Amino acid sequence: MDKDYIAPATALRKLKAARDLSQTVYLYGATGYGKTELIRHFLSGRRYIRLSCEELPWKPGAIPPQEPGKQTRWAVVIDDLHRLKSEELRQEVLALEQRKDLWLIMISRSPIPAWLMPRYVKAGFILITEEDLKLGEAEIGGYLKACGIPSTDEEVRYLQRTSEGNAYVVRHAALKLKEGKSLGPALYEEIWEAFSVYLENFVLSGWDSDLLEFLMQVSVVDAFTLELAEMITGSPYVVSLLEQAAEAGNFLFQKDGVYRMRPTLNHALQSRAAKVYGLERVKDFKYNAALYYELHDEILPALRLFEECGKGEHIKSLLIRNARRNPGNGYYYELRRYYLNLSEQEIETSPVLMAGMSMLYSMLMDGEKSEYWYQKLTAFAKKAKGGVLREAQSRLAYLDIALPHRGSRNLLEIMKHIPAMLLDNGVSFPEFSVTSNLPSTMNGGKDFCHWSPDDTRIAKTFGPLVERILGRYGKGLVKAALGESYYEKGADAYQVMTLLTRAQMETERGGMPEIAFAAIGVRVRLSLVQGDFQAAKELLASFEKSVKENQALQLLPNIQALRCRLALYEGDRNQVEQWMEAAPDENKEFFVMERYRYLTKVRCYLAKGEYLTAQALLEKLRYYAEQTNRPYIRMEVGLLSAIAKERVGGSWQEELSAVLKEAESYRFLRLISEEGAAVWPLLQREKKTLLESGEMDRNWLKRLLEEAEEMARRYPLYLKKRTATAADFSETALTILRLQADGLSLNQIAQRLGMKSFSVSYHIQENYRKLNVSRKADALLAARSLGIL
């Protein structure tokens, strides 16, 4: 036994309870979590019997016969229970469990197996899970101290997180630290690589050959379904093998029909497979997996595996298939490495690839190279004939409308000439997404702010034309766009709701969920402005459920971003932090298709008081808006930038004034008023100057100020700077806050605490100051969001 061993507290507590209650224990966890060591430690100094299912058959008489009336109870430990295959021995274990003179402890790598489940349900074992066996920060810190290794709290936290509480990994790390190495990514890789080698040499060798072969073959992918496993292995016994795997250890996890193995085990299986099968045979398994992904239109994993197999012809075919999609549904950016690795000669053979390259470079904000491939495609079309010519013509028409760097100024003129080409020449228009999966048509795939001043006429004159060109991608588009334009300008709420609801209904009759999301997004905003926060949440939740049911999964990232924006209005910091963990990293790479999530992230930074970080991201978004001529994003960036600068004491008035003037030119209100509590302090300070300057329409300005003030009143915690912690409050101040939360008045609190009223009033005002609020309701909301209450 390790002399410095420290038992995990939760597991130890459960063991003591089981001993006192004379209850059977079932303890399980993956390799390295110290299962056997824990029992040895707990039973040290006490006589007990240990039987291992890896050392069969058990010696005759290993378990003492039952002696009626005997007071002392033997502790019997059955280790490696996952290895027990014999039906006869299983029955013997079940019989042991029922003996009153024995205290049975079973140790396994897997959760309770099917053959033991009926007895577990009837007798009620004490279950010690892998989670209970994980070493926490206290145990790891104690172990390092016992080993004579100095460590900081941060180092202990890092080790706990990276080791996942695995005792083997912690012990290995301690040995390396004794050698003078430092915690960090390099040591992390070294330890987990060593653990992978240990698994390969000492754990995999103990598995049945059919199970090991199956898992080695499916290890070529990170996750698999039953169908994919059958495709890779060619085995008709996948279900049986997965049941066998479940009983072999706690390493296979299933959610929604998708199976995943622990990454370290998967790595060990891949290493073993390379040695057993050889690289060429492993490529065969990868090729089978790639074909499955190709059949199921999962382009990213298919391309990766085809590349690893050296199947160049499949790669080009998939790139062409992806280029047929619009940027909202395709993977242009994610596959840019593959596209950019194609030679010019390869690209020039396909009009779809040339159009794809033009779109990709435009998305990368390289207008010059985008136009280069547009001209290449134009030259190609002049020489092409028949179906190839029609393909090239349709792609050119698509690029004329869709290229991001060209903006949207001449779209109506371009669209006038498309129907004749489509009808006269039999050219079909490629799929086109107006929204790019954003909850907006005005600020989606293109910026249509300049259409807003003349929105009603354009909708009547050109609406039918647009819907005709776009086909199912245009169903509901005109009503959704008109509803959004009216909303931005503060039109009648009933009129806006009618347009948006009808747009959504039109998408349900053969349209696209992207347009429905645009309509829903504006309806959510409308509910917010009207003060019906619960309706906004319920509307979004209902739509998200529909999206999942209909597998329109490309919308989920921006749906979750919109939900985060609602959390910001509510002051729900936990939900905001949770969303931020999965948010795109703008410092790793800036991808223009993530702009809605980036703008959500800016608001999160403002709420957290990270103003310089917010400003850095805003400058990237500002550059994008300038390069692609997007007024809406330019105004949004300017507004958020002014808020950030004001909070750090910088110069913000000029930037705010520029945003207000541009918004007023479109008659937009909601772009600004929705920022409520964040923008109201700025507007309040400039209110007199703005009203007296005469530079903007006075009625528009007065309504804007009224709406912004109302939003600030309704959602006082929105992007509100809150830096207080529990440590900032005395015990008396916290007690007063709690009593306020219980509904007591100032005089009642004074009476309860034996204090004078003016003293209670002083503490209340100080609490409000620290929480940066002015009312009791806001103080309680802020305190709860900070975890103080």
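In what follows, the structure referred to is the one given above.
Reference entry: report on the structure contained in this document. (Residues numbered from 1 in each chain as written. Predicted model: local features only at pLDDT ≥ 70, side-chain atom pairs only at ≥ 80, totals over all residues. Heavy atoms only, no water.)

### Looking at the overall build of the chain
Helix and strand counts for the chain come out as 41 helices and 8 strands. A buried classification covers 54% of the 789 residues belonging to the chain. Sequence separation of 24 or more characterises 69% of the internal contacts of the chain that already satisfy a separation of 6 or more. Approximately 36300 Å² of the chain is accessible, and the part contributed by carbon and sulfur atoms is 50%. Here the chain holds 107 positive side-chain charges and 103 negative ones, and the gap between their average locations is 3 Å. (Helix = DSSP H or I, 4+ residues; strand = E, 2+ residues; numbered from the N terminus. Buried < 20%, exposed > 50% of the residue type's maximum accessible area, 1.4 Å probe, protein only. Contact = heavy atoms within 4.5 Å. Areas by Shrake-Rupley, 256 points an atom, 1.4 Å probe, with all protein chains shown as cover. Lys, Arg positive; Asp, Glu negative; His and termini not counted. Charge placed at Lys NZ, Arg CZ, Asp CG, Glu CD.)

### Description of the sheet that holds strand β5 (residues 126-128)
The 5 strands are arranged β2-β3-β4-β1-β5 in an open sheet whose pairing can be described as parallel. Edge positions in the sheet fall to β2 (48-52) and β5, since each of these pairs with one other strand and no more. With strand direction ignored, the average angle separating the axes of adjacent strands in the sheet is 15 degrees. Both strand β3 (residues 74-79) and strand β4 (residues 102-108) contribute to a ladder of 5 bridges, which runs parallel. The residue bridging I78 from the neighbouring strand is M106, located in β4. Across the sheet, helix α2 (residues 35-43) touches β1 (25-28), β2, β3 and β4, and the angle it forms with β4 is around 155 degrees. (Pairing = 2+ DSSP bridges. Axes fitted to C-alpha atoms, helices over the stretch in contact; angles between N-to-C directions.)

### Things to note about the sheet that holds strand β8 (residues 258-261)
Spatially, 3 strands are ordered β6-β8-β7 in an open sheet, and the strand pairing comes out antiparallel. Two strands bound the open sheet, and with one partner strand each, they are β6 (223-224) and β7 (252-255).

### Some thoughts on unusual backbone geometry
Backbone torsion omega between L56 and P57 reads -5 degrees, so that peptide bond is classified as cis. Mapped onto the fold, P57 is located in the loop between β2 and β3. Phi at S22 takes a positive value of approximately 60 degrees, unusual for a residue other than glycine. Looking at the secondary structure, you find S22 in the loop between α1 (9-21) and β1.

### Quick look at the environment of T233
For T233, the position within the fold is in helix α11 (residues 226-233). Expressed as a C-alpha distance, the spacing of T233 and Q217, which sit 16 residues apart in the sequence, is 6.3 Å. Discounting residues that sit within four places of it in the chain, T233 has contacts with F214, Q217, V218 and V238. Looking at T233, its side chain comes within polar contact range of the main-chain oxygen of A229, at 2.7 Å. (Polar contact = N/O pair within 3.5 Å; in protein donor to acceptor, adjacent residues only side chain to side chain.)

### Quick word on the pattern of salt bridges
Scanning all chains against the criterion turns up 56 salt bridges. In this structure, D297 engages R325 in a salt bridge whose closest nitrogen and oxygen atoms are separated by 1.9 Å. Taken together, the residues D297 in the loop between α14 (279-295) and α15 (299-309) and R325 in the loop between α16 (312-323) and α17 (336-341) connect sequence positions 28 residues apart. Residue R714 is joined to E710 by a salt bridge in which the shortest nitrogen-to-oxygen separation is 3.2 Å. Separated by 4 residues within a single helix, R714 and E710 lie in helix α37 (residues 698-714), roughly one turn from each other. For R714, a relative accessible area of 31% corresponds to the partly exposed category. (Salt bridge = Lys/Arg side-chain N within 4 Å of Asp/Glu carboxyl O.)

### Comments concerning the layout of surface pockets
Here the largest pocket is characterised by a volume of approximately 1500 Å³. If you trace the largest pocket, you find 39 residues lining it, with Y331, Q551, L553, Q554 and L556 closest to the centre. Elements represented by at least two residues in the lining of the largest pocket include exactly β6, β8, α14, α15 and α29 (556-570). Grouping the amino acids of the lining of the largest pocket by side-chain chemistry returns 19 nonpolar, 10 polar and 10 charged. What the second largest pocket holds in volume is close to 830 Å³. Lining the second largest pocket are 36 residues, with G32, Y33, G34, K35 and E37 positioned closest to its centre. Going through the elements one at a time, α2, β2, β4, α6 (137-146), α8 (167-178) and α9 (185-203) are the ones with two or more residues in the lining of the second largest pocket. Split into classes, the residues belonging to the lining of the second largest pocket amount to 15 nonpolar, 9 polar and 12 charged. (1 Å grid on protein atoms, 1.4 Å probe; cavity = no way out; pocket = protein on both sides within 12 Å on 5 of 7 lines; lining within 4 Å. Points joined across faces, edges and corners; volume = space filled by probe spheres on them. Nonpolar A, V, L, I, M, F, W, Y, C, P; charged D, E, K, R; others polar.)

### Points about the nonpolar core
Ranked by internal contacts, the top residues of the largest apolar core, which has 209 residues, are W207, I672 and L683. Examining the composition of this core, we find that 10 residues originate from one element, helix α27 (residues 513-529), more than from any other. Contact partners of L683, with chain neighbours within four places excluded, come to L656, L660, I672, L690, L705 and A708. Counting residues in each nonpolar core, the second largest holds 23 residues, with L51, I78, V93 and L96 among its members. (Core = buried A, V, L, I, M, F, W, Y, C linked by side-chain atoms within 4.5 Å.)

### So, α15
Considered for burial, the residues of α15 that qualify are I299, A302, L303, L305, F306 and C309. Structurally, α15 contributes buried residues whose contacts are with α14, α16 and α17. Immediately beyond the C-terminal end of α15, within one or two residues, lies G310, with a positive phi of roughly 80 degrees.

### What to know about the side chain of R109
Structurally, the position occupied by R109 is in the loop between β4 and α4 (117-123). The charged side chain of R109 is buried without a salt bridge, its nearest counter-charge being E54 at 4.8 Å. A polar side-chain atom of R109 sits 3.4 Å from a polar atom in the side chain of T31.

### Some remarks on the pairing of β7
Pairing between β7 and β8: 4 bridges, direction antiparallel. Bridge pairing links F253 to R260 in β8. Here β7 hands over to β8 after 2 residues, with D256 in that stretch at a positive phi of 55 degrees.

### Focus on the packing of aromatic side chains
Going through the model one piece at a time under the given rule, you end up with 26 aromatic pairs. Judged by centre distance (5.3 Å) and plane angle (35 degrees), the rings of Y198 and F202 are tilted. Taken together, the residues Y198 and F202, both in helix α9 and 4 residues apart, mark about one turn of the helix. Taken together, the ring pairs connect Y168, Y188, W192, F195, Y198 and F202 into an aromatic cluster. (Phe/Tyr/Trp six-rings, centres within 6.5 Å; stacked < 30°, edge-to-face > 60°.)

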